[in-house]
Amino acid sequence: MQDWLDDLKQAGVLGVAARLGLRQKKQRLEPCPVCNAERSGADKRPTVGVRRDNKGWKCHSCGATGDAVDLASFALIGCKAGRAGEDFRKIRAWWLEDGPGLSWEPTQYEVSRPPAEELHKVLRACRRPNEVNLPALPGFLAKRGFDPNKVAAGVLPPQTWSGWFGIDWWPRLWAEQFPLVIPAFTGTGKLVSMHGRSIDDSATRKTTWPKGHDSGGLLFADSRYARPMLRNQPTDADTLLVVEGLTDYLWAVQTAPPRCAIIGIASGSAAALKLPKWPKNLKFYVGCDPDAAGDAYAVKVAEALSPHTCRRLPLHIL
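Computed from a prediction, not measured in an experiment: that's the story for all the values here. (Residues numbered from 1 in each chain as written. Predicted model: local features only at pLDDT ≥ 70, side-chain atom pairs only at ≥ 80, totals over all residues. Heavy atoms only, no water.)

1. Describing the overall build of the protein
Argument step 1. Scanning the protein from terminus to terminus reveals ten helices and 14 strands.
Argument step 2. Taken across its 318 residues, the protein has 49% of its residues classed as buried.
Argument step 3. Within the protein, residue pairs in contact and separated by at least 24 positions form 62% of the contacts whose partners lie at least 6 positions apart.
Argument step 4. Working note: accessible area of the protein is about 15600 Å², and carbon and sulfur atoms make up 48% of it. (Helix = DSSP H or I, 4+ residues; strand = E, 2+ residues; numbered from the N terminus. Buried < 20%, exposed > 50% of the residue type's maximum accessible area, 1.4 Å probe, protein only. Contact = heavy atoms within 4.5 Å. Areas by Shrake-Rupley, 256 points an atom, 1.4 Å probe, with all protein chains shown as cover.)

Rendered as structure tokens:
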């Protein structure tokens with residue numbers, strides 16, 4: 001095993017937390033690097049409890065858990081990293097930045113998400129596509145085979161543009177340029193962000209995330225099956241299909257067979273699939289294109305879902 005990884009594990013959860021600049025009191029840490037929650041005055045439990053052996057932790061707010069490596073991974077890249085690849089190299093570079101040991105000055109690394117109240121306000125302003133009069137919208141949906149009565153996305157209608165909310169992370173111009181939006185969730189089903197899509201095919205920028213905030217570790221999840229599943233709530237789904245990106249997610253939700261949960265992963269967020277406690281006897285599929293990019297994507301999803309068997313499914317046969 002690498003010397004730096006041995007050193008990180010020897011430092012344990014509390015040592016990594018000190019380097020991250022998290023607040024500590026005995027076996028307690030705040031805020032959670034996954035959901036950013038802090039303990040309320042009425043809650044006597046720690047937001048993040050640390051095991052007495054200093055080798056594990058758990059957030060009592062969002063349910064995220066892991067070891068010292070996972071704590072660094074969530075704080076730095078927004079999701080659990082596999083024990084190889086680019087994300088793991090980022091953790092190594094961070095850990096070795098000032099040399100081994102526990103003598104660093106605390107540095108704050110926090111996953112940044114839009115304020116919850118503002119995020120909910122924007123999402124509440126959305127309307128169904130069949131309720132909005134946007135000249136470019138019908139053509140955009142028809143070209144991709146989306147039924148405006150069924151597509152799982154909201155639209156920021158023109159009447160909201162003139163009286164926009166003054167939100168710096170989603171300015172008025174973005175409300176006009178990226179009117180099609182879908183909510184984004186952590187791997188434990190917490191609503192923390194949203195993703196926007198332009199409906200102008202000539203636009204140089206097709207999609208966007210909230211300005212100044214992180215998008216790592218986020219998933220798109222259908223409301224009937226996938227969101228309850230992420231929150232460890234019962235459903236009658238027997239299949240999970242994972243696809244990449246906003247457009248494939250919307251298409252899969254509209255065309256999937258009954259009892260099939262749909263999850264879309266944002267770029268670089270496949271590792272977030274390690275967080276949920278997947279139901280027993282669930283069948284796993286990854287939908288992707290039959291090319292080199294699809295091969296790489298399928299491998300990342302399969303690694304994240306291991307040890308479950310994940311079968312590859314070309315999207316066009318749904």
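So that's the structure; there's more coming.
2. Brief notes about the nonpolar core
Argument step 1. Counting 106 residues, the largest nonpolar core has L156, W170, I263, L273 and W278 as the members making the most contacts within it.
Argument step 2. Examining the composition of this core, we find that nine residues originate from one element, helix α1 (residues 3–20), more than from any other.
Argument step 3. The residues touching I263, leaving out its near neighbours within four places in the chain, are L219, F220, A221, A226, L230, L240, L241, V242, V243, Y249, L273 and W278. (Core = buried A, V, L, I, M, F, W, Y, C linked by side-chain atoms within 4.5 Å.)

3. Here we look at helix α10 (residues 292–305)
Argument step 1. Taking 1.5 Å of rise per residue, the 14 residues of α10 would be expected to cover 20 Å, and the 20 Å separating its terminal C-alpha atoms lies within 8% of that figure.
Argument step 2. Considered for burial, the residues of α10 that qualify are G294, Y297, A298, V301, A304 and L305. One side of α10 carries all its buried residues, which in axial view fall inside an arc of 125 degrees. Away from its buried face by more than 90 degrees, α10 exposes A292, K300 and E303.
Argument step 3. Taken together, the buried residues of α10 touch β11 (239–244), β12 (260–265), β13 (283–288) and β14 (310–314). (Expected span 1.5 Å × (residues − 1). Arc of directions from axis to C-beta.)

4. Section: the packing of helix α2 (residues 68–77) against helix α3 (residues 86–95)
Argument step 1. Running from amino to carboxyl end, α2 crosses α3 at an angle of 100 degrees, the nearest separation of the two axes being 10 Å. On the basis of their axis angle, the class for α2 and α3 is roughly perpendicular. Residues V69, A72, S73, L76 and I77 of α2 touch α3, and the partners they reach there are D87, F88, K90, I91 and W94. (Axes fitted to C-alpha atoms, helices over the stretch in contact; angles between N-to-C directions. Parallel < 35°, antiparallel > 145°, perpendicular 65-115°, else oblique.)

5. Structural notes on the sheet that holds strand β3 (residues 48–50)
Argument step 1. Spatially, β1-β2-β3-β4-β5 is the arrangement adopted by the five strands of the open sheet, whose pairing is antiparallel. What marks the edges here is a single partner per strand, and that holds for β1 (23–24) and β5 (65–66).
Argument step 2. As defined by bridge partners, β3 adjoins strand β4 (residues 57–59) across three bridges and the pair is classed as antiparallel. Each bridged residue has a counterpart across the sheet, and for V50 the counterpart in β4 is W57. (Pairing = 2+ DSSP bridges.)

6. Points about the pairing of β13
Argument step 1. In this structure, β11 lies alongside β13, joined through four bridges in parallel fashion. Looking at the pairing, L240 lines up with F284 of β13.
Argument step 2. Relative to β14, β13 is paired through five bridges, and the arrangement is parallel. The residue bridging V286 from the neighbouring strand is R312, located in β14.
Argument step 3. With respect to chirality, the unit in which β13 leads through α10 into the neighbouring parallel β14 is right-handed. (Right-handed = clockwise from strand over helix to strand, strands pointing away.)

7. Brief notes about the pattern of salt bridges
Argument step 1. Under the definition given, this model contains five salt bridges.
Argument step 2. With its nearest N and O atoms 2.7 Å apart, the salt bridge here joins D201 to R144. With D201 in the loop between β8 (191–197) and β9 (207–208) and R144 in the loop between α5 (137–143) and β6 (154–155), the pair connects residues that are 57 residues apart, well separated along the chain.
Argument step 3. Accessibility expressed as a relative area gives 35% for D201, which makes it partly exposed.
Argument step 4. Linking R259 and D238 is a salt bridge whose minimum nitrogen-to-oxygen distance equals 3.9 Å. In this pair, R259 sits in the loop between α9 (245–255) and β12 while D238 sits in the loop between α8 (226–230) and β11, placing the two residues 21 residues apart along the sequence.
Argument step 5. Judged by relative accessible area, R259 falls into the partly exposed class, the value being 38%.
Argument step 6. Connected via shared salt-bridge partners are K143, R144 and D201. (Salt bridge = Lys/Arg side-chain N within 4 Å of Asp/Glu carboxyl O.)

These results come straight from atomic positions and should not be treated as a statement about function.
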